[in-house]
Amino acid sequence: MDSLVLVSVISIATAGLTIAFGSIGPALGQGRAVSQALSSIAQQPDEANTITRTLFVGLAMIESTAIYCFVVTMILIFANPFWNYFLP
Amino acid sequence: MTINPDEIVLFQWGWFKINSTIAYTWLVIFVLTFGSWLVTRRLSSEGKLSRWQNLLEVLITGIKSQIREVSRQEPGPYLPFVGTLFIFIAVSNVLAIVPGYVPPTSSLSTTAALAICVFIAVPVFGIASQGVLNYLWQYIQPTFFMLPFNLIGELSRTLALAVRLYGNMMSGTIIVAILLTITPLIFPVIMQALGLLTGLIQAYIFAILAMVYIASASKTREEIAKKGEK
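Rules and cut-offs
Residues numbered from 1 in each chain as written. Chains lettered and ligands numbered in written order. Predicted model: local features only at pLDDT ≥ 70, side-chain atom pairs only at ≥ 80, totals over all residues. Contact = placed C-beta atoms within 7 Å. Helix = DSSP H or I, 4+ residues; strand = E, 2+ residues; numbered from the N terminus. pLDDT = per-residue confidence, 0-100. Buried ≥ 20, exposed ≤ 12 C-beta atoms within 10 Å, placed from the backbone. Pairing = 2+ DSSP bridges. Core = buried A, V, L, I, M, F, W, Y, C linked by C-beta atoms within 7 Å.

**As for the interface of chain B and chain A**
Then, in step 1: Listed as interface residues are twelve residues of chain B and, on the opposing side, eleven residues of chain A.
Then, in step 2: Looking at the side of chain B that touches chain A, the elements with two or more residues in it are α6 (147-182) and α7 (187-218) of chain B.
Then, in step 3: Here the side of chain B that touches chain A takes seven residues from α6 of chain B, the largest share from any one element.

Right, dumping it as structure tokens:
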């Protein structure tokens, strides 16, 4: 197999794996965070402002791990540094 | 489709290049500065407010109350920095509904520059509020062996700040571009609307996180004073 083909096959497959596995954890974490926040708001509706603000900041922190995986995927597909070594 | 708006060169003269990130950043700066100048030219404190003055007052009061709630301090010294971060990022994200506009925040250069601003502002505010020695004392706070971990934490949160904003904005444009090739009629519009929401939330989160970092560096003197009283 040509080394260019090898690099592209491996990077495309790895990109799919990265975004697939990288979104499992944040999805579970965000679901858990939202369910906890909803039950807290149901218990204490007066504190809804504080809870919502903290929830949004926390969701962004959790989501950033998924975003890192997305950035790595995009680099693998569109800006792979290893392709330049094998391009004729 | 490109993941880096730095590569879109609008104007080139020899080695002097204007790429779309620079051009649209200056556009946003111009819109903000000129708009604020236009609104604050005729301020009135009594009678009927003009609607634009009302808008700016609501915005500033909202930012002030958010800073006060997050940091539990008076927002005075932090308002210019944090408010500027929020307004700049929010405007440059929301203008994405204008066709042909590329948000400068979807380039890693812009977000890295903003994150470096936060990285520099944290020690500046910390030292200004509690002095050099007290600020540096925080780095060896639990024990001396935590020093490298504190330094790594400082660097990695700056990186996270930059990549989070960049990834969110870049993913918005990429998703719309991909959807245009699959379902070009209605669905991209929904994702654009979702992108507006994401842009505002990311601006809010960037400003709030900057405020949290600054507050954690500058809060300790009051805590030290409270401990001294006890």
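So, next bit.
**Let's talk about the confidence of the model for chain A**
Then, in step 1: Taken over all residues, the pLDDT of chain A has a mean of 87, while the share at 70 or more is 98%.
Then, in step 2: By mean pLDDT, helix α3 (residues 83-86) of chain A is the weakest element of chain A at 77, and helix α1 (residues 3-43) of chain A is the strongest at 92.

**A closer look at the pairing of strand β1 (residues 9-13) of chain B**
Regular strands show a simple pattern: their side chains alternate between the two faces of the sheet.
Residue and element names in this part refer to chain B.
Then, in step 1: With zero of five residues buried, β1 lies mostly on the surface of the structure.
Then, in step 2: In the sheet, β1 pairs with strand β2 (residues 16-19) via four bridges, with the strands oriented antiparallel. When the sheet's bridge partners are listed, Val9 is paired in β2 with Asn19.
Then, in step 3: Where β1 hands over to β2, the hairpin turn is made up of two residues, of which Gly14 adopts a positive phi near 70°.

**Details of the nonpolar core**
The tendency in soluble globular proteins is for nonpolar side chains to be buried as a group.
Then, in step 1: Membership of the largest hydrophobic core comes to 43 residues, with the highest contact counts inside it found for Val82, Leu85, Phe86, Phe206, Ala207, Ala210 and Met211 of chain B.
Then, in step 2: Looking at this core, the elements that each hand over two or more residues are α2 (48-78) of chain A together with α1 (20-40), α2 (51-71), α3 (79-94), α4 (108-130), α6 and α7 of chain B.
Then, in step 3: The element best represented in this core is α7 of chain B, accounting for eleven residues.
Then, in step 4: Excluding residues that lie within four positions of it along the chain, Ala207 of chain B makes contacts with Val82, Leu85 and Phe86 of chain B.

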